[in-house]
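Architecture at a glance
So the chains spell out like this:
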Amino acid sequence: MFRLEKDGNEKWLTWDVDVDVAQSPVAGNTLRRFYYTGDGEPRTSDFDLATAGAGPYPSGCYVLGVTPPVARPVVASSGGTGPSATRAYVYTFVTQWGEESRPSPASKVTTGKTDDTWALSNLDTAPPNSGTVSGAVRETPASGQVEVTLDTVFGLRALEKITFASITGMDDLNGQFTLVNVDSATKKVIVSLATTQIYSGGGTWKRVAPHNTTGMTKRIYRTLTTPSGTEYRYVVTIPAVTSSYDDTATDSAVALGEVLPSATWDMPPADMKGIKILANGIAAGFIGNEVLFSEPFKPYAWPTSYRQTYDQEIVAIGLSGTTLVGMTKGNPFTITGVEPVTMGGGMEKLGVAWPCMSKRGVASFAFGVGYPAPQGMVIIGASSDIVTKDLFTQKEWAELNPATFIAASADNRYYCGYTVEGSSLMFVIDKAESASFIKVNQNITCMWADPATGKLYVALEKKIYEWEGNAGTKLTYEWKSKKFVTAPPVNYGAAKIDADFDMSEAEIASAQASHAAALAANQALVDSGGMNDGLADPVLGEYEIGGDDMRAIPPLAIDSLQFQLWADGVLKFTKQVENSRAFRLPGGYKSDNVEVVLSGNVKVTGVVLAETMDGLKQA
């Protein structure tokens, strides 16, 4: 999920697949443009496009990048009397957002007069976003595939998504498909589909992520020899629908034009994942064992020369300032650099095998990037380490099922949802505290930290909540300390907990308001018959037996706190604590390692253990 805001208007974007979203690094991003990968081919959108209509959002997008022209310009010169000149021409597409494509193939080198009219023809118009189907053959070229003949495949790539409609005979083909292959020579595409039906006629195709062709233009460039060599220089901008142009510009006028900037600007590959924007405006993504970089502040332009290859398969990438952290199925690596062309020199392989077990479990902090490995939670930064080594053995960490982690960072805390034996829970690790682990009994399906505000949002039971957004509602937690080791063994005889057992006026008012709102919402469901608590209701299968769509009723009081003392892995003492006064602990044993477990909804600021009551006073 991802929150968009423009002029005080807030909208939430949601996906049911693993998606990475990056906001535009361009200054003055008033359109609120953003980029995302994971939902088919890499895509881009802005606030107005993504939030058009009633939702769900995003409701509109474009494919990320600009497809280049494929037709070679045809050039003919005539009418001049001046000195002889030799030229070649290329042209590019430019979107309404100022994004420019790689150039077309160059025209044949043509000789004429400097004052000739140089007539250009055979210029491609904008790539289409839809067209017609004229044939489909099942079980071709392989079992479980269908070969479909289109009117054009210009601008289509393998692994992009298109939708077929109005096909007769082969009704199974009406729907959305990912292209397995595109053959520009035969204008045929291949999709995966097992069917016994026979195509009989008709049909249309449409891109799921269209090209940004509204208002698209073409820029024409021609060769010009200068003291620095022969370069393509800007000549003119014409509408994309125009397929010809007569060039009469003088060399002196063209010499003032821009040098062709986009000679190497490719679209990002259709299967690129993990898009991120570095602090220096460079976008990054990955495929397999390759890291890809864009031109600075141009997330639509991805030169192949900027790619860096690693010797292991990449699972995820994360950012810490201008350093990219690569998490793999083996050793992590870092890449540091200012310019994308020099990034390869900044690649460093860490000498430890810390495989990343969950792409969704990665979170970036001010001091590094954290992720789950089999050994524990890893932080890669100025120094790299297993930060949970004082909290968990490797076996205990494995019991949390790290492969299911979904995580985000806020206030330099690691917030994580996970699933164990069908039960979904949540925990929080605060690196600022000494080996702190808090478990929360919440079924979190998604979470996102807003980089603009620092606020954390979680998805719970089809609703989005701001974490700690309601002062009067406190979730029940379980906090576990590390093992405190002493030599020689001792018997702790007294304890004291510093906690806030009293609710402020604001918390009381907020708790009462939340309590009343939940009761009112549930009563409205009862009155409307919309509880969704029957086997015949439309949402069958979304709730456990006996469940319904009613809200949980929040408590009116924040006063629950249980203290447990564990010694040598054995529970020695349990107490419901109601205030911050000292209390005695049982005797009759000595231990050289103890742990403290707190559970409840009261905010705790400290726990003190001592051998005697007098010892507490000195602690």
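Above: the structure in question.
Here we summarise the structure given alongside this text. (Residues numbered from 1 in each chain as written. Predicted model: local features only at pLDDT ≥ 70, side-chain atom pairs only at ≥ 80, totals over all residues. Heavy atoms only, no water.)

1. As for the overall build of the chain
Just so we agree on the cut-off: Helix numbering and strand numbering both begin at the N terminus, where a helix is a DSSP run of H or I of at least 4 residues and a strand a DSSP run of E of at least 2. Only protein chains enter the accessibility calculation, which uses a 1.4 Å probe; a residue is then buried when its area is under 20% of its type maximum, exposed when over 50%, and partly exposed in between. Should any heavy atoms of two residues lie within 4.5 Å, those residues are counted as being in contact. Only the protein chains shown count as cover for residues, and all accessible areas are computed by the Shrake-Rupley method using a 1.4 Å probe. Charge assignment in this entry is limited to Lys and Arg as positive and Asp and Glu as negative, and neither His nor the chain termini are counted. Where a charge lies is defined by one atom per residue type, namely NZ (Lys), CZ (Arg), CG (Asp) and CD (Glu).
Across its full length, the chain carries five helices and 47 strands. For the C-alpha atoms alone, the extent of the chain along its principal axes is close to 110 × 65 × 50 Å. With 619 residues in all, the chain has 47% of them scored as buried. A separation threshold of at least 6 residues defines the contact pool for the chain, and within that pool the share at least 24 residues apart is 60%. Carbon and sulfur atoms provide 51% of the accessible area of the chain, an area that totals close to 28,600 Å². Here the chain carries 51 positive and 67 negative side-chain charges, and the mean point of each set is 3 Å from the other.

2. Observations concerning the sheet that holds strand β6 (residues 62-63)
Convention followed: One bridge is not enough; two strands pair if DSSP finds at least two bridges between them.
As summarised here, the arrangement of the four strands in space is β3-β4-β5-β6, forming an open sheet in which the pairing is antiparallel. Two strands in the sheet have a free side with no partner beyond their single neighbour: β3 (20-23) and β6.

3. Concerning the nonpolar core
How we decide: Here, the term nonpolar core denotes a set of buried Ala, Val, Leu, Ile, Met, Phe, Trp, Tyr and Cys residues that are joined through side-chain atoms within 4.5 Å.
With 21 residues, the main nonpolar core has I497, L561, F563, L565, F583, L585 and L598 as its most contacted residues. Breaking this core down by element, the ones donating at least two residues are β40 (477-480), β42 (494-500), β43 (561-567) and β46 (591-600). Here the element with the most residues in this core is β43; it accounts for four residues. One finds L13, Y36, V63 and A459 within the second-largest nonpolar core, a separate group that totals 20 residues.

4. Focus on the sheet that holds strand β18 (residues 217-226)
Note the threshold: Working convention: axes come from line fits to C-alpha atoms, limited for helices to the stretch in contact. Angles between N-to-C directions cover 0 to 180 degrees.
If you trace the three strands from one edge of the open sheet to the other, you get β9-β18-β19, paired in antiparallel fashion. A strand with exactly one partner marks an edge of an open sheet, and here the two such strands are β9 (89-94) and β19 (229-239). Geometrically, the sheet is characterised by an average inter-axis angle of 30° between neighbouring strands, direction not taken into account. Note: β18 against β19, 10 bridges, orientation antiparallel. What sits directly across from I220, in β19, is V236.

5. Things to note about the environment of A363
Among the structural elements, A363 can be located in strand β29 (residues 363-365). Sequence-wise, A363 and C416 are 53 residues apart; in three dimensions their C-alpha atoms are separated by 9.5 Å. Setting aside its immediate chain neighbours within four residues, A363 contacts G368, V369, G370, A408, S409 and Y414.

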